[in-house]
Amino acid sequence: MTAEELAVLLGDWSGRGSGGVTQRLAVALVHLVEGGVLHDGERIPAERDLAAALAVSRPTVRAAVARLRAQGLADARQGSGTWVRSALPSGHDPRLADAALSGSGINLAASVPADAGDLPDLVIDLADLLATDPAHGYAPRGLAELRAAIARRPGARPGGADTVLVTGGGHAGLVEALGLLAQPGDLVLTDVHTYPGVLDIADHLRVRLLAVAGDGDGTDPAALDRLLRREQVAAVFLQPGIVNPTGRRTAPGRLAELAAVLDRAGTAVVEDAVLADLDFAGRAGSLARACRRAPVVTVESLSKSAWGGLRVGWLRAEPALIDRLAQDRSAADLGLSVAAQRVALHVLAGLDDVVAGRRARLEGRAAYLRDALLGGGLEGWSADVPDGGLSLWVRLPVGDSRPFTSAAARHGVDVLPGAMTTPGRGDDPHLRLCFDRPLSQLDVAVQRLARAWAERP
């Protein structure tokens with residue numbers, strides 16, 4: 001690889017993250033190695049050439065590469081320069097169930113922000129912690145100040161802090177909500193293509209999932225009504241905003257029809273609104289506001305709109321339901337870290353600006369990846385630009401995408417097969433590809449996917 005090629009892969013490294021230029025360059029290089037863009041055994045260009053390509057000094061390049069070696073991600077070889085030593089062995093083929101969060105290549109399987117670069121500068125000091133109420137720091141429902149700030153956010157029915165329970169992320173909140181509403185053996189309805197994590201949660205809680213038919217406008221109200229009349233259903237799990245994995249939104253008229261069906265049945269609803277802020281057209285309606293009789297628990301999080309590493313989410317529901325959720329939690333969990341909640345408060349104060357910037361950037365990257373795939377020699381592939389979210393829903397001209405998922409991993413790209421989003425995990429021709437990655441990574445990923453596709457039997 002030439003210095004100029006590496007400069008292209010690094011992209012706008014100097015404008016992201018914090019710290020001096022050396023730290024930013026070091027972090028960018030680490031991301032390329034850990035993301036699989038720089039392969040195990042790849043030679044890093046000479047200091048002089050790389051410094052010229054990046055318009056920085058040679059000592060800056062030398063110090064950044066030294067940090068790469070210090071983290072065990074590169075080796076200096078006498079007389080031949082510095083060579084990448086990948087964190088995972090070359091040719092590593094991860095288990096399918098682990099692909100989303102522990103891939104070995106460029107990770108398009110995990111539908112999460114690539115890094116914490118969209119967060120504002122954060123400072124939490126002792127004075128913040130001393131101001132905590134209660135002073136001992138144990139707040140099983142979450143800090144009152146944070147719950148009040150969440151209650152003011154759009155989405156669920158109007159209410160105060162007593163309508164909010166802070167959780168360790170949206171996934172944890174979903175475990176708590178379904179764990180309260182459904183017992184082992186109970187039936188929970190969801191979409192044909194649904195949040196992949198709910199399949200694992202259902203296995204953990206030993207509840208049964210049954211898919212409800214849908215179309216381009218969302219869940220089919222008539223199909224939902226038939227199942228609710230025919231089956232004994234403990235809860236319904238839906239994503240009325242942006243759906244993970246498809247990236248589609250529920251049509252406004254369809255939302256009202258679904259609410260009418262749910263109100264007639266009076267069945268408890270778990271509404272996943274984690275991606276609602278990332279609707280490219282602006283946040284749409286919610287079942288919590290549309291339903292009049294059915295109890296609705298809304299799951300939200302900062303993981304997609306800000307950064308997954310915050311691990312701060314929340315549940316919103318009527319106070320009586322929040323009381324039950326808090327009581328159910330108390331035997332195992334005394335509440336989230338106060339420091340994490342203080343950070344979340346700071347992020348929430350500027351979240352609208354963060355979200356506005358992310359929407360515009362994500363919409364552009366969605367179109368960029370779609371065009372690159374359709375023009376990159378991937379014959380028979382099809383995809384539409386989504387309505388929002390972080391991922392492209394791609395259809396392959398095959399019966400099941402799982403064999404290709406393994407081939408893509410061998411070529412250094414981790415993707416999520418559609419089978420991991422369907423109750424029963426049956427054959428499915430789709431892939432979910434996260435586009436919330438630097439454009440340089442998307443370019444390399446498409447090239448590798450094309451090679452894997454060309455080599456299929």
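Residues numbered from 1 in each chain as written. Predicted model: local features only at pLDDT ≥ 70, side-chain atom pairs only at ≥ 80, totals over all residues. Heavy atoms only, no water.

Trainee: A description of the overall build of the chain should follow, citing residues and the corresponding values.
Mentor: When helices and strands are tallied, the chain shows 17 helices and 18 strands. For 457 residues, the compact-globule formula gives about 23 Å, and the C-alpha radius of gyration of the chain, at 23 Å, lands near that figure. Out of the 457 residues belonging to the chain, those deemed buried represent 53%. Taking the contacts inside the chain whose residues are at least 6 apart along the sequence as the reference set, 72% of them involve residues at least 24 apart. With the model as given, the accessible surface of the chain reaches about 19400 Å², and the carbon-plus-sulfur share is 51%. Averaging the locations of the 49 positively and 54 negatively charged side chains of the chain gives two centres separated by 1 Å. (Helix = DSSP H or I, 4+ residues; strand = E, 2+ residues; numbered from the N terminus. Rg over C-alpha atoms; globule rule 2.2 N^0.38 Å. Buried < 20%, exposed > 50% of the residue type's maximum accessible area, 1.4 Å probe, protein only. Contact = heavy atoms within 4.5 Å. Areas by Shrake-Rupley, 256 points an atom, 1.4 Å probe, with all protein chains shown as cover. Lys, Arg positive; Asp, Glu negative; His and termini not counted. Charge placed at Lys NZ, Arg CZ, Asp CG, Glu CD.)

Trainee: Please set out the sheet that holds strand β5 (residues 164-167) residue by residue, giving values where relevant.
Mentor: Read across the sheet, seven strands follow the order β5-β13-β12-β11-β10-β6-β7 without closing on themselves; strand pairing throughout is mixed. Both edges of this open sheet fall to β5 and β7 (208-212), since each of them pairs with a single strand only. Sheet twist, expressed as the mean angle between neighbouring strand axes with direction ignored, is 20°. As defined by bridge partners, β5 adjoins strand β13 (residues 313-316) across four bridges and the pair is classed as antiparallel. Counterpart to L165 in the pairing with β13 is L315. Of the strands in this sheet, β5 and β13 touch helix α7 (residues 144-151), which is tilted by about 115° from β5. (Pairing = 2+ DSSP bridges. Axes fitted to C-alpha atoms, helices over the stretch in contact; angles between N-to-C directions.)

Trainee: Break down the packing of helix α8 (residues 170-181) against helix α9 (residues 196-205) for me, with residues and values.
Mentor: Running from amino to carboxyl end, α8 crosses α9 at an angle of 45°, the nearest separation of the two axes being 10 Å. Regarding the angle of α8 to α9, the classification is oblique. Seen along the crossing, α8 lies across α9 with a hand that is right-handed. Two secondary-structure elements touch here, α8 through H171, L174, V175, L178 and G179 and α9 through G197, V198, I201 and L205. (Parallel < 35°, antiparallel > 145°, perpendicular 65-115°, else oblique. Left-handed = near helix turned anticlockwise from the far one by under 90°.)

Trainee: Explain the sheet that holds strand β2 (residues 74-77) to me, and be specific about the residues and the numbers.
Mentor: A sheet is described by the order of its strands in space; here three strands give the open sequence β1-β3-β2, paired in antiparallel fashion. Of all strands in the sheet, those with a lone pairing partner are β1 (43-44) and β2, marking the two edges. For β1 and strand β3 (residues 81-84), the ladder comprises two bridges, and the chain directions are antiparallel. Its bridge partner lying in β3, I44 is registered against T82. Here helix α4 (residues 58-70) sits on the sheet and contacts β1, β2 and β3; the angle it forms with β2, its principal contact strand, is near 110°.

Trainee: Account for helix α1 (residues 3-10), with residues named and values stated.
Mentor: Working note: α-helix, 3.6 residues per turn, so residues spaced by three or four point in the same direction. All of the buried residues in α1 are A3, L6, A7, L9 and L10. Down the axis of α1, the buried set is contained in an arc of 160°. They therefore lie on one face. In α1, the exposed positions that point more than 90 degrees away from the buried face belong to E4 and V8. (Arc of directions from axis to C-beta.)

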